[in-house]
Amino acid sequence: MTFPEALKSLAERAHITLPERRAQRDDGGQKEKLYEVCQVAADLYHGLLLSGAGAEARAYLAKRQISEAIIREFKLGWAPNEWRALFDQMVRKKYPEALLKQAALIQQSPKGNYYDTFRGRLMFPIQNLQNKVIAFGGRLIADQEGPKYLNSPETPIFFKRRELFGLNLAKKFINREWPTLILVEGYMDFLALYQHGFKNAVATLGTALGDDHVRLMRRFVEEVIVVYDGDKAGEAASLRGLEILLEGGMQVKLVSLPKGEDPDDFLNKHGNDAFAALLKNAKDFFDYKLQALLARYPRQDALGLSKISREMFETFLKVKNTVMLSEYFKRLSRALQVDENSLRTEYSHLNKPSGPSRERPQEKAPEPEKTKPVPEELLLLVLMAEVPPFCDRVCEELKDSDFRMPASRELFEYLRQMSDQGKKCTLSGLLNRISDATYREQLVAVMASLDETAEREKILADCIGKIKQGCMAGRLEELRRMIQTGESGGDEVKVRAATQEYQELLKRSRETKKGE
């Protein structure tokens with residue numbers, strides 16, 4: 001098979017349009033319009049904060065000791081407590097109502113009337129890694145109805161589980177000798193850290209940490225220092241929420257502030273040196289959790305020891321590093337004064353897989369990278385290696401888990417790291433990282449074939465769309481199984497949650513197909 005034939009075969013199997021069909025990008029430039037309208041909204045909110053209308057909000061920021069320089073750098077804004085303050089201005093600028101609604105800047109009542117999403121709130125523009133405004137967070141500063149913090153709902157350019165506030169700036173200030181991120185919970189805490197010189201800080205967006213957050217942080221660091229306010233320190237639910245960092249292979253340390261203080265309070269009261277000392281002496285997750293458990297359960301009796309060891313074992317199950325796990329067993333043995341072998345025996349019972357799998361031999365799962373190469377993945381990776389600017393775009397749209405083939409996931413991660421470090425990847429360097437001969441041959445065929453066409457932009461867009469469709473199809477199947485399991489087990493909450501996600505995802509999938 002010739003190289004052009006190989007490309008044509010791969011593209012046909014993936015239902016990917018090759019260059020002879022000249023067309024615009026799948027979204028027709030819709031995302032760029034959303035970026036534009038969000039930026040214009042950010043400028044309007046910022047102007048309102050600096051005007052007479054924002055006097056109350058400026059007074060609040062002054063009370064919280066947020067400087068004017070920070071206000072301007074982050075383009076903080078003010079949404080007046082009016083129903084259509086932003087809407088009226090955007091309409092005067094000729095932006096269509098449908099676009100404003102899609103960007104979640106406005107909402108629509110059951111009667112069809114439009115009104116602003118954010119009213120009476122201090123506004124925090126949320127930017128992606130490319131410094132584009134994609135959404136907003138709003139904080140109430142006066143006594144009025146509604147949650148204290150309100151974030152934009154998800155849109156075609158904003159996914160809460162894939163974003164961290166301030167990461168677009170923090171990535172520039174990561175110390176290469178001690179690559180770490182400081183994780184806090186709120187916008188104000190983030191601004192306080194940044195203003196005091198701790199610029200490698202990020203904040204969550206009102207959601208629990210998820211796999212996407214972990215993968216996002218791991219692009220830049222392997223260690224995270226979590227700063228808790230004094231009221232949350234040691235809470236079991238908070239600690240469990242952080243174990244996802246361990247599952248993702250990250251090193252986790254924690255700082256606990258004095259009771260009743262948050263990072264903002266501590267910095268303004270005690271200063272930079274005191275906070276830097278807290279970071280330097282941050283406790284390893286193991287020590288932090290063990291200390292919390294020792295304060296909660298008595299170590300003097302067997303029941304207390306059992307509860308402590310069991311809860312620590314739950315953490316051990318999340319640790320990927322075997323050397324670290326071995327050290328944790330030794331430290332737990334010393335702390336509880338229990339024989340290490342006894343702890344390991346008990347842990348092995350907890351860690352033993354259950355189910356009737358021993359009864360019959362397991363069928364070997366097919367190796368997709370050897371038997372069924374995924375065409376759209378091969379094409380996409382070649383384009384990322386060949387055209388460096390494509391890397392940022394692809395990394396914004398996809399994550400490593402979106403790829404079906406393990407070899408593709410590894411190459412995607414490698415290309416992403418090279419891009420983050422500002423290094424160029426050669427095609428020969430890419431091939432040298434592939435051990436599977438079949439996969440390498442297919443990739444070589446695509447490389448050579450692409451040299452004969454100039455319509456890379458269209459092929460890239462088609463590949464991204466195809467991979468996204470595959471991910472949605474996989475998630476829909478997973479949700480169907482969850483619904484069936486929940487119904488058979490009488491778990492109404494699980495069924496309701498899975499059904500809602502299924503319906504929303506199915507709608508998105510159909511809309512994506514219509515746009516192709």
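Remember, it's a predicted structure, so these values are computed and weren't measured experimentally. (Residues numbered from 1 in each chain as written. Predicted model: local features only at pLDDT ≥ 70, side-chain atom pairs only at ≥ 80, totals over all residues. Heavy atoms only, no water.)

Peer 1: Looking at this structure, I do not really get the pairing of strand S4 (residues 121–127). What am I missing?
Peer 2: Within a regular strand, the side chains alternate between the two sheet faces. In terms of burial, S4 is largely enclosed, as six of its seven residues are buried. With seven bridges joining them, S4 and strand S5 (residues 133–140) adopt antiparallel strand pairing. Looking at S5, one finds that Phe 124 is bridged to Gly 137. (Buried < 20%, exposed > 50% of the residue type's maximum accessible area, 1.4 Å probe, protein only. Helix = DSSP H or I, 4+ residues; strand = E, 2+ residues; numbered from the N terminus. Pairing = 2+ DSSP bridges.)

Peer 1: Would you mind going over the confidence of the model for the chain with me for this structure?
Peer 2: Atomic detail in the predicted coordinates should be set aside for any region of low pLDDT. When the pLDDT values of the chain are averaged, the result is 83; 85% of them are 70 or greater. In the model, residues 17–25 has pLDDT below 50 throughout and makes 16 contacts with residues more than four positions away in sequence or in other chains. Per-residue pLDDT stays below 50 along residues 354–371; that stretch engages in 14 contacts with residues further than four places along the chain or on separate chains. (pLDDT = per-residue confidence, 0-100. Contact = heavy atoms within 4.5 Å.)

Peer 1: Help me understand the packing of aromatic side chains in this model?
Peer 2: Any aromatic ring pair is given by two values, namely how distant the centres are and how the planes are angled relative to each other. According to the stated counting rule, one finds 24 aromatic pairs in the structure shown. For the ring pair Tyr 45 and Phe 136, a centre distance of 5.4 Å and an interplane angle of 80° mean the geometry is edge-to-face. With Tyr 45 in helix H2 (residues 30–50) and Phe 136 in strand S5, the pair connects residues that are 91 residues apart, well separated along the chain. Residue class for Tyr 45 comes out buried when judged on its relative accessible area of 2%. Every member of this aromatic cluster is reached through a ring pair, and the members are Phe 74, Phe 124, Tyr 149, Phe 165, Phe 173, Tyr 187, Phe 190 and Tyr 194. Between the NZ or CZ atom of Arg 433 and the centre of the ring of Tyr 414, over which it lies, the distance is 3.9 Å. (Phe/Tyr/Trp six-rings, centres within 6.5 Å; stacked < 30°, edge-to-face > 60°. Lys NZ or Arg CZ within 6 Å of the ring centre and 35° of its normal.)

Peer 1: What exactly am I supposed to notice about the pairing of strand S9 (residues 223–228) here?
Peer 2: Counting buried residues along S9, six of its six residues qualify, which places the element largely inside the surrounding structure. Going residue by residue along S9, you find Glu 223, Ile 225 and Val 227 tucked away on one face and Val 224, Val 226 and Tyr 228 tucked away on the opposite face as well. Sheet topology places strand S7 (residues 180–184) next to S9; four bridges connect them, and they run parallel. Note on S9: the bridge partner recorded for Leu 181 is Val 224. Where S9 and strand S10 (residues 251–256) come together, six bridges link them in parallel fashion. Its bridge partner lying in S10, Val 224 is registered against Val 252.

Peer 1: Looking at this structure, I do not really get the packing of helix H14 (residues 302–316) against helix H15 (residues 322–336). What am I missing?
Peer 2: The relative placement of two packed helices comes down to the angle between their axes together with the axis-to-axis distance. Between H14 and H15, the least distance of the axes is 12 Å, while the angle of their chain directions is 165°. On the basis of their axis angle, the class for H14 and H15 is roughly antiparallel. Between H14 and H15 lies a crossing whose hand is right-handed. Residues Leu 305, Ile 308, Ser 309, Met 312, Phe 313 and Phe 316 of H14 form the contact with H15, whose participating residues are Leu 325, Tyr 328, Phe 329, Leu 332 and Leu 336. By residue class, the composition of the contact of H14 with H15 is 10 nonpolar, one polar and no charged. (Axes fitted to C-alpha atoms, helices over the stretch in contact; angles between N-to-C directions. Parallel < 35°, antiparallel > 145°, perpendicular 65-115°, else oblique. Left-handed = near helix turned anticlockwise from the far one by under 90°. Nonpolar A, V, L, I, M, F, W, Y, C, P; charged D, E, K, R; others polar.)

Peer 1: Looking at this model, I keep getting lost on the sheet that holds S10. Mind explaining?
Peer 2: Each strand in a sheet pairs with its neighbour through backbone hydrogen bonds, running either in the same direction (parallel) or in the opposite one (antiparallel). With mixed pairing, five strands are arranged side by side in an open sheet as S8-S7-S9-S10-S11. Looking at the sheet topology across the chains shown, the edges are occupied by strand S8 (201–203) and strand S11 (283–284). Strand contacts of helix H12 (residues 272–280): S7, S9 and S10, with the helix running at about 125° to S9, the strand carrying the most contacts.

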